[in-house]
Amino acid sequence: MEIREISFYKQFVCTGGKCEHTCCRGWMIPLTGEDVDRFRSQKGRLGLSLRAAVSNRDIVCFNKGSGECAFHDRNGLCRLQIIKGHEFIPEACRMFPRFYRNYVRFEEHYMDPACIKAAELLLANAADLSLISHEGIPSSDPCTCNDDNDLLDKMLLTRSSILKRLNGINDADTLNMVFNDIYSYSSRLQRSFLEGETDFLSSFPFESFHSGEKLRLFPFDTDVFRSIMDTSFYHKRLERTNPFLFRLCRLYFDRYKSIMSSSASWVETFRSFMNDNKEAVHYCTAYYTYYLYLYFLKSFEDYSFLKNASLGMIHTNMIFMFSLLLSLKEPGSYPQSLPSVISMYDRRACFNDEIMNEMYACLNLL
């Protein structure tokens, strides 16, 4: 099978116990049937610990409370891996942060930026985000039952066109304009599909599309940020499950509430930040570009063109906002702090459908 890997895929090396944001804390660890069977077959004290750690409520998993995994030891390492080896640990742990999408004809390989090391590699390679192709054995089962290869080919061409449009963006106004084009184009694709247009994807070639009314899509206005922060994205239990993100949220609610409550003060602060950190647009563009690599083809499965494109804009804006607020508290911290912001934000916002649905609804304020 053709394997398409993101350009920095083979650069990843897990930092193990030295990782400042371990993947053993902050979320549930889903278990497959094979995981559960393997754990239940263990005897002795380890078997008792494994059976006690498995939760069967809502989802079969370790770490249901999203705090710290019971097998995360004081040295920051996995006790199961130390005792039984890498192949024994849950499949989700063996794969992370590797991100596979098998479309039968080809498989795409990425690194999930919810891992801080993957986020660092994303930013270090921001100028060269491309796919490298080779022949190999797939690492995952097919991710879709859609066998419309013509549609898949059109979506791949559309993704390439959008990614090309994102190249060479140097200022916030241009990024906002491109976001407008993508948003408007996705809206028309969605409407065309819902109206039963059979050739809806090729009806509006991206290169020739020009949006009409301009929306403020980068950065969002303060009312959109406020609406998003009022969703279940923020919760007090983050203080235990995701302390870094909790501190970022408290910067928003406590320390810089006055800035975010006034459009005028937000625009002034935003402009000042951009003047001092001209690379910020480059990193925001790279993050959204990478998001499209990971998730644009999700519409091949669910036909949610507008939602899938828009969620990436929401995530880009939220990461930008948190990075800006952190730089106000800790001058000179940008962009060194950006990998932490990306990885901790992604863990909360990109793995919870309920939160993403609430965030998406906030775009009604545009």
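Residues numbered from 1 in each chain as written. Predicted model: local features only at pLDDT ≥ 70, side-chain atom pairs only at ≥ 80, totals over all residues. Heavy atoms only, no water.

Some thoughts on the overall build of the protein
Within the protein, the secondary structure is distributed over 17 helices and 6 strands. In summary, the protein has a C-alpha radius of gyration of 21 Å against a globular reference of 21 Å for 366 residues, a match within 12%. Counting only C-alpha atoms and orienting by the principal axes, one finds that the protein spans roughly 65 × 50 × 35 Å. Among the 366 residues that make up the protein, the fraction classed as buried is 54%. By sequence separation, contacts in the protein at least 24 residues apart represent 78% of the contacts at least 6 residues apart. For the protein, the exposed area adds up to about 17300 Å²; of that, 50% sits on carbon and sulfur atoms. In the protein, 42 side chains carry a positive charge and 45 a negative one; their mean positions are 8 Å apart. (Helix = DSSP H or I, 4+ residues; strand = E, 2+ residues; numbered from the N terminus. Rg over C-alpha atoms; globule rule 2.2 N^0.38 Å. Buried < 20%, exposed > 50% of the residue type's maximum accessible area, 1.4 Å probe, protein only. Contact = heavy atoms within 4.5 Å. Areas by Shrake-Rupley, 256 points an atom, 1.4 Å probe, with all protein chains shown as cover. Lys, Arg positive; Asp, Glu negative; His and termini not counted. Charge placed at Lys NZ, Arg CZ, Asp CG, Glu CD.)

A closer look at the pattern of salt bridges
Inspection of every chain in the model, using the stated rule, returns 14 salt bridges. Among the ionic pairs, K10 bridges to E5, the shortest N-O distance being 2.6 Å. By relative accessible area, which is 8% here, E5 ends up buried. Notably, a salt bridge pairs D153 with R105, separated by 2.8 Å at the nearest N-O pair. Here the residue D153 occupies a position in helix α6 (residues 149-165), and R105 occupies one in the loop between β4 (98-102) and β5 (106-111), the gap between them amounting to 48 residues. Judged by its relative accessible area of 33%, D153 is partly exposed. (Salt bridge = Lys/Arg side-chain N within 4 Å of Asp/Glu carboxyl O.)

Some thoughts on the side chain of N176
In this fold, N176 is placed in helix α7 (residues 172-194). Look at N176 and you get buried, because its relative accessible area is 10%. For N176, the residues in contact, after removing those within four places along its chain, are L215, R216, L217 and F218.

Some points on the packing of aromatic side chains
Evaluation of the coordinates by the stated rule reveals 33 aromatic pairs. Each ring, one from Y288 and one from Y291, has its centre 6.0 Å from the other, and the planes form 15°; the classification is stacked. Placement of both Y288 and Y291 in helix α13 (residues 280-295) is noted, with a separation of 3 residues, approximately one turn of the helix. The buried category is assigned to Y291, whose relative accessible area is 7%. (Phe/Tyr/Trp six-rings, centres within 6.5 Å; stacked < 30°, edge-to-face > 60°.)

Quick notes on the nonpolar core
L166, F233, M318, F320, M321 and F322 are the most contacted members of the largest nonpolar core, which totals 107 residues. Setting aside residues no more than four positions away along its own chain, F322 makes contact with M229, F233, L245, L248, C249, V341 and Y345. Judged by nonpolar contacts, the second largest core, of 16 residues, contains A53, F62, F71 and L80. (Core = buried A, V, L, I, M, F, W, Y, C linked by side-chain atoms within 4.5 Å.)

Quick word on α7
End to end, α7 covers 33 Å across 23 residues, agreeing with the expected 33 Å (1.5 Å per residue, within 8%). For α7, the N-terminal capping position is held by D171, with its side-chain oxygen 3.2 Å away from the main-chain nitrogen of D173. In the stretch just after α7, G196 is the one whose phi turns positive, near 85°. (Expected span 1.5 Å × (residues − 1). Polar contact = N/O pair within 3.5 Å; in protein donor to acceptor, adjacent residues only side chain to side chain.)

Brief notes about unusual backbone geometry
Residue F218 is joined to P219 through a cis peptide bond whose omega torsion reads -15°. Within the secondary structure, P219 sits in the loop between α7 and α8 (222-229). Each neighbour pair has its own omega, and for Y334 with P335 the value is 5°, a cis peptide bond. Within the secondary structure layout, P335 lies in the loop between α15 (305-329) and α16 (338-349). One non-glycine residue, N63, adopts positive backbone phi at about 60°. Secondary-structure assignment places N63 in the loop between β3 (61-62) and α3 (79-84). The class for N63 is buried, based on a relative accessible area of 11%. Of note in this structure, V104 is not a glycine but carries a positive phi near 70°.

Quick notes on the state of the cysteines
Tallied over the entire structure, the rule returns 0 disulfides. As a non-bridged cysteine, C19 has C115 as the owner of its nearest cysteine sulfur, 6.1 Å distant. Accessibility expressed as a relative area gives 22% for C19, which makes it partly exposed. No disulfide involves C362; its sulfur sits 14 Å from the nearest other cysteine sulfur, which is in C249. (Disulfide = S-S within 2.5 Å.)

Thoughts on the packing of helix α5 (residues 116-124) against α16
Where α5 meets α16, the closest approach of the two axes is 8 Å, and the angle between their N-to-C directions is 125°. Classified by the angle between their axes, α5 and α16 sit oblique to one another. Considering only the axes of α5 and α16, their crossing is right-handed. Between α5 and α16, the residues in contact are I116, A119, E120 and L123 and L338, P339, S340, I342 and S343, respectively. (Axes fitted to C-alpha atoms, helices over the stretch in contact; angles between N-to-C directions. Parallel < 35°, antiparallel > 145°, perpendicular 65-115°, else oblique. Left-handed = near helix turned anticlockwise from the far one by under 90°.)

Regarding the sheet that holds strand β1 (residues 2-6)
Across the sheet, which stays open at both edges, the 4 strands sit in the order β4-β5-β1-β6 with mixed pairing between neighbours. With partners counted over all chains shown, the strands left at the sheet margins are β4 and β6 (131-135), one partner each. Each neighbouring strand pair of the sheet contributes to a mean axis angle of 20°, computed without reference to strand direction. Where β1 lies against β5, 4 bridges are found, and the strand directions are parallel. Pairing of R4 across the sheet is with E108, part of β5. Contacts from α6 reach β1, β5 and β6, with the element oriented near 35° to β5. (Pairing = 2+ DSSP bridges.)

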